[in-house]
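Observations on chain architecture
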Amino acid sequence: MAAEAATIPLLTPSKLGKFNLSHKVVLAPLTRLRSYGNVPQPHAVLYYSQRTSKGGLLIAEATGVSDTAQGYPDTPGIWTKEQVEAWKPIVDAVHAKGGVFFCQIWHVGRVSNQGFQPNGQAPISSTDKPLTPRIRANGIDVADFTPPRRLRIEEIPQIVNDFRLAARNAIEADKFISCFDGVEIHGAHGYLIDQFMKDQVNNRTDQYGGSLENRCRFALEVVEAVANEIGADRVGIRLSPFQDFMESGDSDPKALGLYMAESLNKYGILYCHMVEPRMKTAGEISDCPHSLVPMRKAFKGSFFVAGGYQREDGNKAIAEDRADLVVFGRLFLANPDLPKRFKLNAPLNKYNRDTFYTSDPVVGYSDYPFLEDNA
């Protein structure tokens, strides 16, 4: 079986900086809305440990950097002592099974409303352009977004500092005991960093708007601050230059992706995690002439790809050197033993979209069966 596994590209070992990975199947950062009161919960211990394999990489769900960073109910944070303490048993469980665990740190920017903000204030963004209301992922509730307040230039360093402190909280808890192995900066999917980068959102006329260089300035300031705080060898970033999530499209996504890939090389960060152009909207694959290959070639660190991957095209992406690792979301959510199933080419559990974003601590969360449960 070992010899057979060696012929499956996704299941070959990989070196990710100082981390020795046993395979190239990565757990995507998946928002699950089960961190009550923005505090990680004990049920997350089981959820993450179920999806851990020795030498496997997991990226934790998007985790708020401050009290202004939230835009959804019950998403975790890492800006208070209580939150940092609550992450520890979860991280310990992943490490106990030999996993490598990164924390995705984010700020939603304008994808929020006054109800999620301290003192009922307006959400902050690169712009004051409001988002149109939309049906939430459950298909029933309507998400209303409060018109955002455009950040003043003098306020931007504080937001950069929030990312820096969140990274420190993730890494330096108890001096490297019970701490994450690294952080992934969430620069994708129409959230705050993306709101600065994309020209269909950013209508600023100062040094953070206008030119491509100016629009990427905030993102790169965050990267630099986080890398200086915890070491570039513990930092990744997720980008989605081609996506139009949350009304955050760009007129020249290829130029944006290339500029960011090349600019990130200056900071020597560990990896760049990009979403495939074919994922125009969340969960919807479409035909697309674009490719991430130019960004893969431009970026000098490890390159991760995500976006609707299955076993076959994931193997192909590795075999054709279009990626170093492949990130799986919905398949991993529904198949806690996904690397094993890929190894055996076993059938996969079907995911239930209706329970992706419910608050139940078990149903649709930790109750997906393992292969042996099906036997």
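Residues numbered from 1 in each chain as written. Predicted model: local features only at pLDDT ≥ 70, side-chain atom pairs only at ≥ 80, totals over all residues. Heavy atoms only, no water.

Glancing now at the state of the cysteines. For the coordinates displayed, the defined rule picks out zero disulfides. The cysteine cysteine 216 is free of any disulfide, with cysteine 272 supplying the nearest cysteine sulfur at 12 Å. Exposure remark for cysteine 272: the relative accessible area of 0% places this residue in the buried category. (Disulfide = S-S within 2.5 Å. Buried < 20%, exposed > 50% of the residue type's maximum accessible area, 1.4 Å probe, protein only.)

The subject of this paragraph is the packing of aromatic side chains. Summed over the entire model, instances satisfying the criterion amount to 16 aromatic pairs. Seen from their ring centres, tyrosine 72 and tyrosine 191 are 6.3 Å apart, and the 75 degrees between their planes marks the pair as edge-to-face. Of this pair, tyrosine 72 sits in the loop between β5 (63-64) and α3 (81-96) while tyrosine 191 sits in the loop between β11 (182-187) and α5 (192-197); the two residues are 119 residues apart in sequence, bridging distant segments of the chain. Summarising the burial analysis for this pair, tyrosine 72 and tyrosine 191 share the class buried. Ring geometry for tyrosine 271 versus phenylalanine 304: centroids 4.0 Å apart, planes at 10 degrees, classification stacked. A residue pair is termed long-range when its members are at least 10 positions apart, and tyrosine 271 in strand β13 (residues 271-275) and phenylalanine 304 in strand β16 (residues 302-306) qualify at 33 residues. A relative accessible area of 0% places phenylalanine 304 in the buried class. An aromatic cluster of at least three residues, connected via ring pairs, comprises Tyr47, Tyr48, Trp87, Phe101, Phe180 and Tyr365. A cation over a ring is seen here: arginine 278 above tyrosine 309, with NZ or CZ 4.5 Å from the ring centre. (Phe/Tyr/Trp six-rings, centres within 6.5 Å; stacked < 30°, edge-to-face > 60°. Helix = DSSP H or I, 4+ residues; strand = E, 2+ residues; numbered from the N terminus. Lys NZ or Arg CZ within 6 Å of the ring centre and 35° of its normal.)

Coordinates in, geometry out; function isn't part of it.
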